[in-house]
Protein chains: 2
Amino acid sequence: MNEVILLDFWASMFGMRVRIALAEKGIKYEYKEEDLRNKSPLLLQMNPIHKKIPVLIHNGKPISESLIIVQYVDEVWNEKAPLLPSDPYQRAQARFWADFIDKKVYDAAGKVWTAKGEEKEAAKKEFIDILKLLETELGDKPYFGGDSFGFLDIALVGFYPWFYALETFGNFSVEAECPKLIEWAKSCKEKESVSKSLADEKKLYEFAAEKRKTMGIE
Amino acid sequence: MNEVILLDFWASMFGMRVRIALAEKGIKYEYKEEDLRNKSPLLLQMNPIHKKIPVLIHNGKPISESLIIVQYVDEVWNEKAPLLPSDPYQRAQARFWADFIDKKVYDAAGKVWTAKGEEKEAAKKEFIDILKLLETELGDKPYFGGDSFGFLDIALVGFYPWFYALETFGNFSVEAECPKLIEWAKSCKEKESVSKSLADEKKLYEFAAEKRKTMGIE
């Protein structure tokens, strides 16, 4: 009685979050790839406000915004693989840092691959500074929430396959600056729910390189 | 055993959200007014990432970001006045629209009182268009969640006392454009939890007029 459809785009870190959450819960769903330059009538109908992927359609009803979808998935399929911490304070902290990622990491990453000259150096520094704050929050824990993989890991790990493109365009190494964060990302990737949901980093690089060309960068 | 402190600033629509949530739950707390041009060491210590109010400090532990605080308050004090809907889908919708308010309404309102000439007309139109989307979402329900006051009402109603300043600077009437939304706001204000938590609209106007002067607008 559960019909689940995901409107998504392969390269989206936000889409990857939802794919991971669905995989963690073992939910079968129909994946529908969107052409973002020519959005489907279904996408426009299901998310008329933002017209963005990902959208989860559960028994005909749409849910938009990736972090809201992940919480919805966690609340509806609550018998397996809890994603948010059960303690309200820990839950508030997980939401705080996930919100921080949405407010900071995406824009900072975007600047790294579009900025030039001095701006590029500033963009790289900003990006690394943000990751260092996240690394400090991780501390010595295996996952952000402690011993088990959860909400905040899902919120961040979709950016990981993008690091290769950013590092190549920006000529820097995240691992040299944030070794613990990379260790965390690698251990996330050992989980099948993550590895099968993340896009290939070489393909993301090619995708971004193509995009830079059409934007007139290099 | 519950020590609750709120770091806040009287004119903040985000602070008003937290005040309303605490009032709905009947929670006693210590209110600490911040001088945003000279932030207290306590604020900088409790919210080192964003350095912003509101911050709720519950038994020594800080929670930041107003919507996250309201959810925390609802989860910890869960025996009285539920704020989020109990149904996961309704909860996701409430979160979606609250997120929409944070992404759209604040910036659009800011533009109305800082823009000039043609930009000002565009800013007013954008602001009204956003409010009209919210009015459509409200529909014929007394509150956004249905028959009882809740999360999404709290997310939006803090903007209501700001309308007077916006209308005066922008020379327009929200009520003429969105009569049902104003009806909703007025019925929210009949609740003591709301009326005692909202700042006075004339004082907000004076505050904004002073700010416009220091910004060199008029």
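A quick note: this is a predicted structure, and the numbers were derived from the prediction, not measured.

About the criteria used
Residues numbered from 1 in each chain as written. Chains lettered and ligands numbered in written order. Predicted model: local features only at pLDDT ≥ 70, side-chain atom pairs only at ≥ 80, totals over all residues. Heavy atoms only, no water. Phe/Tyr/Trp six-rings, centres within 6.5 Å; stacked < 30°, edge-to-face > 60°. Buried < 20%, exposed > 50% of the residue type's maximum accessible area, 1.4 Å probe, protein only. Helix = DSSP H or I, 4+ residues; strand = E, 2+ residues; numbered from the N terminus. Lys NZ or Arg CZ within 6 Å of the ring centre and 35° of its normal. Patch = residues over 30% accessible without salt bridge, like charges linked within 9 Å, V, L, I, M, F, W, Y side chains within 5 Å. Areas by Shrake-Rupley, 256 points an atom, 1.4 Å probe, with all protein chains shown as cover. Salt bridge = Lys/Arg side-chain N within 4 Å of Asp/Glu carboxyl O. Lys, Arg positive; Asp, Glu negative; His and termini not counted. Charge placed at Lys NZ, Arg CZ, Asp CG, Glu CD. Least-squares fit on C-alpha atoms with pLDDT ≥ 70 in both. Contact = heavy atoms within 4.5 Å. UniProt positions renumbered as here; feature names shortened; annotations may be inferred. Domains from an automatic or database assignment. Buried area = accessible area lost by both parts, 1.4 Å probe. Polar contact = N/O pair within 3.5 Å; in protein donor to acceptor, adjacent residues only side chain to side chain. Expected span 1.5 Å × (residues − 1). Axes fitted to C-alpha atoms, helices over the stretch in contact; angles between N-to-C directions. Parallel < 35°, antiparallel > 145°, perpendicular 65-115°, else oblique. Left-handed = near helix turned anticlockwise from the far one by under 90°. Pairing = 2+ DSSP bridges. Core = buried A, V, L, I, M, F, W, Y, C linked by side-chain atoms within 4.5 Å.

1. A look at the packing of aromatic side chains
Phase 1: All told, the structure shown has 34 aromatic pairs over all chains when counted by the stated rule.
Phase 2: For the ring pair Tyr160 of chain A and Phe163 of chain A, a centre distance of 5.8 Å and an interplane angle of 85° mean the geometry is edge-to-face.
Phase 3: In this structure Tyr160 of chain A comes out as buried when scored by relative accessible area, which is 14%.
Phase 4: Ring centres of Phe127 of chain B and Phe172 of chain B lie 6.3 Å apart, and the angle between their planes is 90°; on these two criteria the pair is classed as edge-to-face. Taken together, the residues span a long stretch of sequence, with Phe127 of chain B in helix H5 (residues 117-138) and Phe172 of chain B in the loop between helix H7 (163-170) and helix H8 (174-177) at a distance of 45 residues.
Phase 5: Phe172 of chain B gets classed as buried once you look at its relative accessible area, which sits at 15%.
Phase 6: Clustering of aromatic rings is evident, with ring pairs tying together Phe9, Trp10, Trp113, Trp162 and Phe207 of chain A.
Phase 7: If you follow Lys202 of chain A out to its NZ or CZ, it ends over the ring of Tyr164 of chain A, 5.3 Å from the centre.

2. A few points about a positive patch on the surface
Phase 1: On the surface, Lys39, Lys51 and Lys52 of chain A together with Lys104 of chain B cluster together to form a positively charged patch.
Phase 2: You can see Lys104 of chain B is positioned in helix H4 (residues 88-114).
Phase 3: Here Lys104 of chain B falls in the partly exposed class, since its relative accessible area comes to 33%.

3. Comments concerning the relation of the copies chain A and chain B
Phase 1: After a rotation of 180° and a shift along the axis of 0.0 Å, chain A superposes on chain B with an RMSD of 0.0 Å. Classification of the inter-copy transformation places it as that of a two-fold axis.
Phase 2: Take the interface residues of chain A: 100% of them recur as interface residues in chain B, which is what a same-surface contact looks like.

4. Considering the UniProt feature "domain: GST C-terminal" (unreviewed entry) in chain A
Phase 1: Mapped onto the present numbering, the UniProt feature "domain: GST C-terminal" (unreviewed entry) falls at residues 87-215 of chain A.
Phase 2: Between the end C-alpha atoms of residues 87-215 of chain A there is a gap of 46 Å, over a span that is 75% helix and 0% strand.

5. Considering the domain arrangement of chain A
All names here are of chain A.
Phase 1: Here the domain parsing of chain A yields domain 1 (4-76) and domain 2 (88-215).
Phase 2: Just the C-alpha atoms count here: the centres of domain 1 and domain 2 sit 21 Å apart.
Phase 3: Listed by partner, the interface residues are 15 residues for domain 1 and 25 residues for domain 2.
Phase 4: Both faces considered, domain 1 and domain 2 share a buried interface measuring about 1800 Å² in area, 74% of it formed by carbon and sulfur atoms.
Phase 5: Counting the contacts that link domain 1 with domain 2 gives two salt bridges.
Phase 6: Linking Arg17 and Asp102 is a salt bridge whose minimum nitrogen-to-oxygen distance equals 2.8 Å.
Phase 7: Across the domain 1-domain 2 interface, the total number found is six residue pairs in polar contact (both at pLDDT 80 or more).
Phase 8: Where the side of domain 1 that touches domain 2 is concerned, the elements lending two or more residues are helix H1 (13-25) and helix H3 (66-76).

6. Overview of helix H1 (residues 13-25) of chain B
Residues and elements named next belong to chain B.
Phase 1: For H1, spanning 13 residues, the distance from its first C-alpha to its last is 19 Å, which sits close to the expected 18 Å at 1.5 Å a residue.
Phase 2: A large share of H1 lies buried, amounting to 12 of its 13 residues.
Phase 3: Residues Met13, Phe14, Gly15, Met16, Arg17, Val18, Arg19, Ile20, Ala21, Leu22, Glu24 and Lys25 constitute the buried set of H1.
Phase 4: At the N-terminal boundary of H1, the capping side chain belongs to Ser12, with an oxygen 3.1 Å from the backbone nitrogen of Phe14.
Phase 5: Just downstream of H1, Gly26 is the residue with a positive phi angle, here 65°.

7. A few points about the packing of H7 of chain B against helix H11 (residues 201-214) of chain B
When two helices pack together, their arrangement is captured by the angle between the axes and the distance separating the axes.
Residues and elements named next belong to chain B.
Phase 1: With their axes 8 Å apart at the nearest point, H7 and H11 run at an angle of 50° to one another. In this view, H7 runs oblique relative to H11, as classed from their interaxial angle. Here the hand of the crossing between H7 and H11 comes out right-handed. Judged by residue contacts, Tyr164, Ala165, Thr168 and Phe169 of H7 engage Glu201, Lys202, Tyr205, Ala208, Ala209 and Arg212 from H11.

8. A closer look at the sheet that holds strand S3 (residues 55-58) of chain B
Residues and elements named next belong to chain B.
Phase 1: Strands sit in the order S2-S1-S3-S4 across an open sheet of four strands; the sheet is mixed. The open sheet is flanked by strand S2 (30-33) and strand S4 (61-64), the only strands paired with a single partner. Each adjacent strand pair in this sheet contributes to an overall mean axis angle of 20°, direction not counted.
Phase 2: The pairing of strand S1 (residues 4-8) with S3 spans four bridges and is classified as antiparallel. Bridging across to S3, Leu6 finds its partner in Leu56.
Phase 3: With respect to the sheet, H1 is in contact with S1, S2 and S3, its orientation differing from that of S1 by roughly 155°.

9. Thoughts on the environment of Ala185 of chain A
Phase 1: Along the chain, Ala185 of chain A turns up in helix H9 (residues 179-189).
Phase 2: Classification of Ala185 of chain A by relative accessible area gives buried; the value is 1%.

10. Observations concerning the nonpolar core
Phase 1: Of all hydrophobic cores here, the largest spans 160 residues; its most connected members are Phe127 of chain A together with Phe127 of chain B.
Phase 2: Setting aside chain neighbours within four positions, we find Phe127 of chain A in contact with Val105, Ala108, Ala109, Val112, Phe163, Leu166, Phe172 and Val174 of chain A.

11. Section: the interface of chain A and chain B
Phase 1: Facing 26 residues of chain A, the contacting portion of chain B comprises 26 residues.
Phase 2: The junction of chain A with chain B conceals about 2300 Å² of combined surface from both sides, 67% of it contributed by carbon and sulfur atoms.
Phase 3: Looking only at chain A, the three residues that lose the most surface to chain B are Ile49, Tyr89 and Phe96 of chain A, adding up to 26% of its buried area.
Phase 4: If you look at where chain A meets chain B, you find six salt bridges.
Phase 5: Between Arg95 of chain B and Glu75 of chain A there is a salt bridge, with its nearest N and O atoms 3.1 Å apart.
Phase 6: Run the count over chain A and chain B and you get eight residue pairs in polar contact (both at pLDDT 80 or more).
Phase 7: Going through the elements one at a time, strand S4 (61-64), H3 and helix H4 (88-114) of chain A are the ones with two or more residues in the side of chain A that touches chain B.
Phase 8: It is H4 of chain A that provides the largest number of residues to the side of chain A that touches chain B, a total of 12 residues.

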